[in-house]
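# Results of the structural survey
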Amino acid sequence: MILPIYAYGEPILRKKTMNIDKDYPELDNLIVNMFETMYRANGIGLAAPQIGLNKRLFIIDAAPLAEDEEYSDLKNELLNCKKVFINPKIIHTEGDPWKFNEGCLSIPDIREDIARPEKITIEYYDENWKFHTETFGDIRARIIQHEYDHIEGILFTDLLSPLKKKLLKSKLTQISKGKIKVDYRIKFPSN
């Protein structure tokens, strides 16, 4: 089932999320619905707050980036980077922050350069409740950090300079008022 993605201005996007219990009802269906929703919106990551749930859960699928020439040396890694992160915790970051142009399904039509550490180590449970501690680098680390920020109540626009935030204020206001068109289901704060 395709779920509506909550847009900038929805209070749930600003909340730090709560852990999921192993017996969370319909978790398998929720994960399937999140992937369907993400694919329908042409995304590569989606966090539970973006569909209105105050839970520590996000998904990623980096496969669409595998066809990009910029990542030709990572093709196999990207094709095999479809993951579910339940109750994740970033335990270590390293490397010089590098800038990359990011966007977000909850903040349509805005893309900005965001600096993030090169490499992360993260602990999490997968969809089968198997515990993992993994280290990710390159674009995969960036995707994970972006989605991880969502479960911490942080949006990528929060990481911009005060001047850049001021320049984007009217665009963000337009999004929060629903004065933007997207080709996927979206829930604006005014709805």
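Overview of the structure.

Reading the values: rules and limits
- Residue numbers restart at each chain and count upward from 1, following the sequence in its written direction.
- Only residues with pLDDT of at least 70 are given local features in this predicted model, and only at 80 or more are side-chain atom pairs given and counted; all residues enter the totals for whole chains, interfaces and linings.
- Side-chain figures throughout are based on the complete set of non-hydrogen atoms in the structure, without hydrogens or water.
- Paired strands, in this sense, are two strands between which DSSP finds at least two bridges.
- Strands here mean DSSP runs of E at least two residues long; helices mean DSSP runs of H or I at least four residues long; both are numbered from the N terminus.
- All axes are obtained by fitting lines to C-alpha atoms, using only the stretch in contact for helices, and the reported angles, taken between N-to-C directions, cover 0 to 180 degrees.
- By the convention used here, residues are in contact when the closest approach between their heavy atoms is within 4.5 Å.
- For this document, the term salt bridge refers to a Lys or Arg side-chain nitrogen within 4 Å of an Asp or Glu carboxyl oxygen.
- Type-normalised accessible area, obtained with a 1.4 Å probe on protein chains alone, sets the label of each residue: buried when under 20%, exposed when over 50%, and partly exposed for intermediate values.
- Polar contacts here mean pairs of N or O atoms no more than 3.5 Å apart (in protein, one a potential hydrogen donor and the other a potential acceptor; neighbouring residues in sequence count only if both atoms are side-chain atoms).
- A helix is expected to span 1.5 Å multiplied by its residue count minus one.

Let us look at the sheet that holds strand 2 (residues 45–47). With respect to topology, five strands assemble into an open sheet ordered 2-3-4-7-8, the strand pairing being antiparallel. Only two strands of the sheet have a single partner each, and these edge strands are strand 2 and strand 8 (131–136). Geometrically, the sheet is characterised by an average inter-axis angle of 35° between neighbouring strands, direction not taken into account. Inspection of the sheet shows strand 7 (residues 119–125) paired to strand 8 by six bridges, in the antiparallel sense. Its bridge partner being in strand 8, Ile-120 is matched across the sheet by Phe-136. Strands in contact with helix 1 (residues 27–40) are strand 2, strand 3 (57–61) and strand 4 (82–94); relative to strand 3, the strand with the most contacts, it is inclined by about 45°. Packing of helix 3 (residues 138–151) onto the sheet brings it into contact with strand 2, strand 3, strand 4, strand 7 and strand 8, and relative to strand 3 it is tilted by some 155°.

In this section: the pattern of salt bridges. Taken as a whole and assessed by the stated rule, the structure comprises 11 salt bridges. Arg-116 is the partner of Glu-102 in a salt bridge, and the nearest nitrogen-oxygen pair spans 2.7 Å. Taken together, the residues span a long stretch of sequence, with Glu-102 in strand 5 (residues 98–104) and Arg-116 in strand 6 (residues 107–116) at a distance of 14 residues. No difference in accessibility class separates Glu-102 from Arg-116, as the two residues are buried. The closest approach of N and O atoms between Asp-138 and Arg-140, which form a salt bridge, is 2.8 Å. For Asp-138, a relative accessible area of 24% translates into the label partly exposed. Looking at Arg-140, the relative accessible area reads 15%, which means it is buried. Taken together, the shared-partner salt bridges in this structure form one network comprising Glu-102, Arg-116, Arg-142 and Asp-149.

Classification of Glu-102 by relative accessible area gives buried; the value is 4%. Among the polar contacts made by the side chain of Glu-102, one reaches the side chain of Arg-142 at a distance of 2.6 Å. Sequence-distant contacts of Glu-102, that is, excluding residues within four places in its chain, are made with Ile-110, Arg-111, Glu-112, Ile-114, Arg-116, Arg-142, His-146 and Phe-156.

All right, on to helix 1 then. In this model, helix 1 (14 residues) spans 20 Å end to end at C-alpha, consistent with the 20 Å of a helix rising 1.5 Å per residue. Buried within helix 1 we find Leu-27, Leu-30, Ile-31, Asn-33, Met-34, Phe-35, Thr-37 and Met-38. Looking at the buried positions of helix 1, the neighbouring elements they touch are strand 1 (5–6), strand 2, strand 3 and strand 4. Two residues or fewer after helix 1 comes Asn-42, characterised by a positive phi angle close to 60°.

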